[in-house]
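# Inside the fold
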Amino acid sequence: MNRPAALALGCTAAYGALKLFWALGGDFGLRQVPLPPEAIRDALERTPGAVLGHWLGVAAAGVGVAAAWLLMRRTLPRRVGVALVVLGAGMVLRAVLQSIGDVQRLLAGVSTAAAATARWDLFLWSPYFLLWGVCWVLAARRGYTGLPPDRATRKPTSSSVRSGWLRRRTEARQLQCSSNQPPPRSTR
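As the structure is a computational prediction, the values presented were derived from the model and not from experiment.

## As for the layout of surface pockets
Taken as a whole, the largest pocket spans an internal volume of roughly 280 Å³. Along its surface, the largest pocket is lined by 18 residues, and Leu35, Ile40, Ala113, Ala114 and Thr117 are the ones closest to its centre. Those elements giving two or more residues to the lining of the largest pocket turn out to be helix 2 (37-44), helix 4 (78-108) and helix 5 (112-145). Per-class residue counts for the lining of the largest pocket are 10 nonpolar, three polar and five charged. For the second largest pocket, the calculated volume is near 230 Å³. Contributing to the lining of the second largest pocket are 15 residues, with Tyr15, Lys19, Trp22, Val33 and Leu35 lying nearest its centre. When contributions to the lining of the second largest pocket are tallied by element, the ones reaching two or more residues are helix 1 (3-23), helix 2, helix 3 (48-73) and helix 5. In terms of residue class, the lining of the second largest pocket is built from 11 nonpolar, two polar and two charged.

Structure, rendered in structure tokens:
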């Protein structure tokens, strides 16, 4: 089983559930999101744009849960895997850059509300996005190569380079030679 995909599925489902809660009118945790004060005010006042943003987050989380579930079951096409690696790398980059900005804001002595938002982001949202992004990168890397992450970068051996019919033909000839039977005659 692809364990990073299972963790990515859990993180995505939790994020989607929170977005669904906010879309349906809940406000728990909404004051602590790392957004500008105007965006937080719009979300608390349930302006149409903010509610639409929550519903789009729910839809994106649904797609993410489906992708993670597929990664747990089988390998995906390379393009999908690359897209998921880019998504995960973006989440990691967001976590690192936002953490740096939060520390700078806290050291600069911003207002009490801005400092509280920076603390929430530094200790909740940034680590969450870091974990979530790393899970997507590892899950996608394992899921689109079909190999564990430590073997995904190894060069193929000569036996794994042979594909399909050539490998079967070679194996059949080896079996015939080992049983001392003459090779089959060509019908051409």
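Now, onward.
## Overview of the pattern of salt bridges
Pairing of side chains with opposite charge becomes possible as their charged atoms draw close. Across all of its chains, the model carries four salt bridges by this definition. The partner of Asp121 in a salt bridge is Arg94, and the shortest N-O contact between them spans 3.0 Å. With Asp121 in helix 5 and Arg94 in helix 4, this residue pair connects regions lying 27 residues apart in the sequence. Owing to a relative accessible area of 0%, Asp121 belongs among the buried residues under this scheme.

## Digging into helix 4
Its 31 residues give helix 4 an end-to-end C-alpha distance of 45 Å, which sits within 8% of 45 Å, the value for a rise of 1.5 Å per residue. Inspection of helix 4 places Gly81, Leu84, Gly88, Met91, Ala95, Ser99, Gly101 and Asp102 among the buried residues, and these make up the whole buried set.

## Examining the side chain of Asn2
Along the chain, Asn2 falls in the segment before helix 1. With a relative accessible area of 4%, Asn2 lands in the buried category. Among residues more than four places away in sequence, those in contact with Asn2 are Leu71, Met72, Ala139, Arg142 and Gly143.

## Focus on helix 3
Quick reminder: α-helices carry 3.6 residues per turn. Residues three or four places apart thus point the same way. For helix 3, which comprises 26 residues, the first-to-last C-alpha distance of 38 Å matches the rise-based estimate of 38 Å (1.5 Å per residue) to within 8%. Inspection of helix 3 places Ala50, Val51, His54, Gly57, Ala61, Gly64, Ala67, Ala68, Leu71 and Met72 among the buried residues, and these make up the whole buried set.

## Observations regarding a nonpolar patch on the surface
A cluster of nonpolar side chains, namely Leu93, Val96, Leu97, Ile100, Leu130, Val134 and Leu138, defines an oily patch on the protein surface of about 560 Å² accessible area. Elements supplying a minimum of two residues to the nonpolar patch: helix 4 and helix 5. Note on placement: Leu93 falls in helix 4.

## Concerning the side chain of Asp102
Take Asp102: it is sitting in helix 4. In terms of polar contacts, Asp102 uses its side chain to reach the side chain of Arg105, at 2.7 Å. Those residues in contact with Asp102 that lie beyond four places of it in its chain are Ala118, Asp121, Leu122 and Ser126.

## Digging into the confidence of the model for the chain
Per-residue confidence for the chain averages 83 on the pLDDT scale, and 80% of its residues sit at or above 70. For the chain, helix 6 (residues 158-161) is the element with the lowest average pLDDT, namely 51, and helix 1 is the one with the highest, namely 93.

## Details of the packing of helix 1 against helix 3
In the contact formed by helix 1 and helix 3, the axes pass within 8 Å of each other and the chain directions differ by 160 degrees. Taken as axis vectors, helix 1 and helix 3 run roughly antiparallel relative to one another. Crossing angle aside, the handedness with which helix 1 passes helix 3 is left-handed. Together, Ala5, Ala6, Ala8, Leu9, Thr12, Ala13, Gly16, Lys19, Leu20, Trp22 and Ala23 of helix 1 and Val51, His54, Trp55, Gly57, Val58, Ala61, Gly64, Val65, Ala68, Trp69, Leu71 and Met72 of helix 3 make up the contact between the two elements. Of the residues that constitute the contact of helix 1 with helix 3, the class distribution is 17 nonpolar, five polar and one charged.

Scoring rules and cut-offs
Residues numbered from 1 in each chain as written. Predicted model: local features only at pLDDT ≥ 70, side-chain atom pairs only at ≥ 80, totals over all residues. Heavy atoms only, no water. 1 Å grid on protein atoms, 1.4 Å probe; cavity = no way out; pocket = protein on both sides within 12 Å on 5 of 7 lines; lining within 4 Å. Points joined across faces, edges and corners; volume = space filled by probe spheres on them. Helix = DSSP H or I, 4+ residues; strand = E, 2+ residues; numbered from the N terminus. Nonpolar A, V, L, I, M, F, W, Y, C, P; charged D, E, K, R; others polar. Salt bridge = Lys/Arg side-chain N within 4 Å of Asp/Glu carboxyl O. Buried < 20%, exposed > 50% of the residue type's maximum accessible area, 1.4 Å probe, protein only. Expected span 1.5 Å × (residues − 1). Contact = heavy atoms within 4.5 Å. Patch = residues over 30% accessible without salt bridge, like charges linked within 9 Å, V, L, I, M, F, W, Y side chains within 5 Å. Areas by Shrake-Rupley, 256 points an atom, 1.4 Å probe, with all protein chains shown as cover. Polar contact = N/O pair within 3.5 Å; in protein donor to acceptor, adjacent residues only side chain to side chain. pLDDT = per-residue confidence, 0-100. Axes fitted to C-alpha atoms, helices over the stretch in contact; angles between N-to-C directions. Parallel < 35°, antiparallel > 145°, perpendicular 65-115°, else oblique. Left-handed = near helix turned anticlockwise from the far one by under 90°.

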